[in-house]
Amino acid sequence: MSTDFLTSLIPVSYLELWNNYLKFVDLGKRRFFYENNKISIKEEKLRLLEKAIRRDLPVSDNILSRLQQSFLRENLSVSLLSDWLIVWHYTAMLPTPLNEKRLSDIIGYAASPIARMILVLNNENLSIYLPFSSFVSAVLLVSMEIEKSVMLKNTKWSRKQKCAKLNGWLKNSRILLNVIRSKKLKFKTALILNKLKIYVQLLQNNKQCKIGFLDEIRIFLYSIWQFMTIRYKSVAIRGV
């Protein structure tokens, strides 16, 4: 599952932390999903990883140690790392091949910690977590479709089912431009949302998921219009 789309949402000052975070996620994905070890071995690895996350490691050049030092400097909660244990516990127990429900669950589980991480790094109110998590889920599935993910290819998930799932996530995400406080995050989120809508249209029409130059211009201009016209509404307002 690619997160390339989402890197643009990360403040420049946190890019090194974010890249180490993605390396940590990639290592976990390989160890607790792609490896063919026995479930008991994976469970023991998860237990040891949880223990390592929750204790102070000596300063070293490994990913977890670097993340711990960064989290300490930025006063970030270690739960932003330990949340992945829930994801990997689920994937470690999965039989293969995957079906549509299992892959949808994996995407949803993975979107949760990623969404929280992005919101925290942008100093956003975590009360918008649910629509933002739907947004991240849509990004992950579209990225898998673009990259022709083996995981997606081996899943019996029809084009109609994928489009229905994506449209549901995008429907849940449409409130984001009203409730995101950061102007930079709002504009960049608008850009990605508008790209996702075009990708879904292409997928529905059974066309290659590739956006042309003119579409990129339209997306940019429409995102500017949204940025200028959609006003911020506090999540405390009734009905938001």
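Each remark here, short or long, concerns the structure printed above.
Residues numbered from 1 in each chain as written. Predicted model: local features only at pLDDT ≥ 70, side-chain atom pairs only at ≥ 80, totals over all residues. Heavy atoms only, no water.

Enquirer: Help me understand the overall build of the protein chain in this model?
Expert: For the protein chain, the helix and strand inventory stands at 12 helices and 0 strands. The order of helices and strands in the protein chain, counted from the N terminus, is α-α-α-α-α-α-α-α-α-α-α-α. Here the protein chain has a C-alpha radius of gyration of 19 Å; the compact-globule value for 240 residues is 18 Å, and the two agree. Taking the principal axes of its C-alpha atoms as reference, the protein chain extends roughly 50 × 45 × 35 Å. Residue pairs at least 24 apart in sequence account for 71% of intrachain contacts in the protein chain once pairs closer than 6 positions are excluded. With an accessible surface of roughly 13,500 Å², the protein chain has 54% of that area assigned to carbon and sulfur atoms. Looking at charge distribution, the protein chain has the averaged site of its 38 positive side-chain charges lying 8 Å from that of its 18 negative ones. (Helix = DSSP H or I, 4+ residues; strand = E, 2+ residues; numbered from the N terminus. Rg over C-alpha atoms; globule rule 2.2 N^0.38 Å. Contact = heavy atoms within 4.5 Å. Areas by Shrake-Rupley, 256 points an atom, 1.4 Å probe, with all protein chains shown as cover. Lys, Arg positive; Asp, Glu negative; His and termini not counted. Charge placed at Lys NZ, Arg CZ, Asp CG, Glu CD.)

Enquirer: Can you help me understand a nonpolar patch on the surface in this one?
Expert: Together, Phe213, Leu214, Ile217, Phe220, Leu221, Ile224 and Met228 make up an exposed nonpolar region whose accessible area comes to about 750 Å². Note that Ile217 resides in helix H12 (residues 213–229). (Patch = residues over 30% accessible without salt bridge, like charges linked within 9 Å, V, L, I, M, F, W, Y side chains within 5 Å. Salt bridge = Lys/Arg side-chain N within 4 Å of Asp/Glu carboxyl O.)

Enquirer: Help me understand helix H5 (residues 79–92), please; the structure alone is not making it clear to me.
Expert: Residues that lie three or four places apart on an α-helix share one face, since the helix turns once every 3.6 residues. Between its terminal C-alpha atoms H5 stretches 20 Å, which fits the 20 Å expected from 14 residues at 1.5 Å a residue. Among the 14 residues in H5, 11 count as buried, and that is most of the element. Of the residues making up H5, those classed as buried are Ser79, Leu80, Leu81, Ser82, Asp83, Trp84, Leu85, Val87, Trp88, Thr91 and Ala92. (Expected span 1.5 Å × (residues − 1). Buried < 20%, exposed > 50% of the residue type's maximum accessible area, 1.4 Å probe, protein only.)

Enquirer: Quick question: what am I supposed to make of unusual backbone geometry here?
Expert: Peptide bonds are, in most cases, trans, and in most cases residues other than glycine have a negative phi. With a phi close to 55 degrees, Asn75 is a non-glycine residue in the positive phi region. Judged by relative accessible area, Asn75 falls into the exposed class, the value being 71%. Not every positive phi belongs to a glycine, and Asn123 is a case in point at roughly 55 degrees. Counting through the fold element by element, Asn123 comes out in the loop between helix H6 (100–121) and helix H7 (129–146). The exposure class of Asn123 is exposed, given its relative accessible area of 62%.

Enquirer: Sorry if this is basic, but what is going on with the packing of H6 against H7 here?
Expert: Each pair of packed helices can be summarised by the angle the axes make with each other and by the distance between the axes. It is at 8 Å that the axes of H6 and H7 come closest, and there the two elements cross at 120 degrees. What the angle tells us is that H6 and H7 run oblique. Pair H6 / H7 crosses with right-handed handedness. Contacts from Leu103, Ile107, Gly108, Ala110, Ala111, Ser112, Ile114, Ala115, Arg116, Ile118 and Leu119 in H6 reach Tyr129, Phe132, Ser133, Val136, Ser137, Leu140, Leu141 and Met144 in H7. Classifying every residue of the contact of H6 with H7 by side-chain character gives 14 nonpolar, 4 polar and 1 charged. (Axes fitted to C-alpha atoms, helices over the stretch in contact; angles between N-to-C directions. Parallel < 35°, antiparallel > 145°, perpendicular 65-115°, else oblique. Left-handed = near helix turned anticlockwise from the far one by under 90°. Nonpolar A, V, L, I, M, F, W, Y, C, P; charged D, E, K, R; others polar.)

Enquirer: For this particular structure, what's the right way to read the pattern of salt bridges?
Expert: Counted according to the given criterion, the structure contains 10 salt bridges. Of the charged contacts, one joins Arg181 and Glu124 as a salt bridge, the two residues approaching to 3.9 Å between their closest N and O atoms. A residue pair is termed long-range when its members are at least 10 positions apart, and Arg181 in the loop between helix H10 (176–179) and helix H11 (183–204) and Glu124 in the loop between H6 and H7 qualify at 57 residues. Overall, the relative accessible area of 45% leaves Arg181 in the partly exposed class. A salt bridge links Asp215 to Arg218; the nearest nitrogen and oxygen atoms lie 3.0 Å apart.

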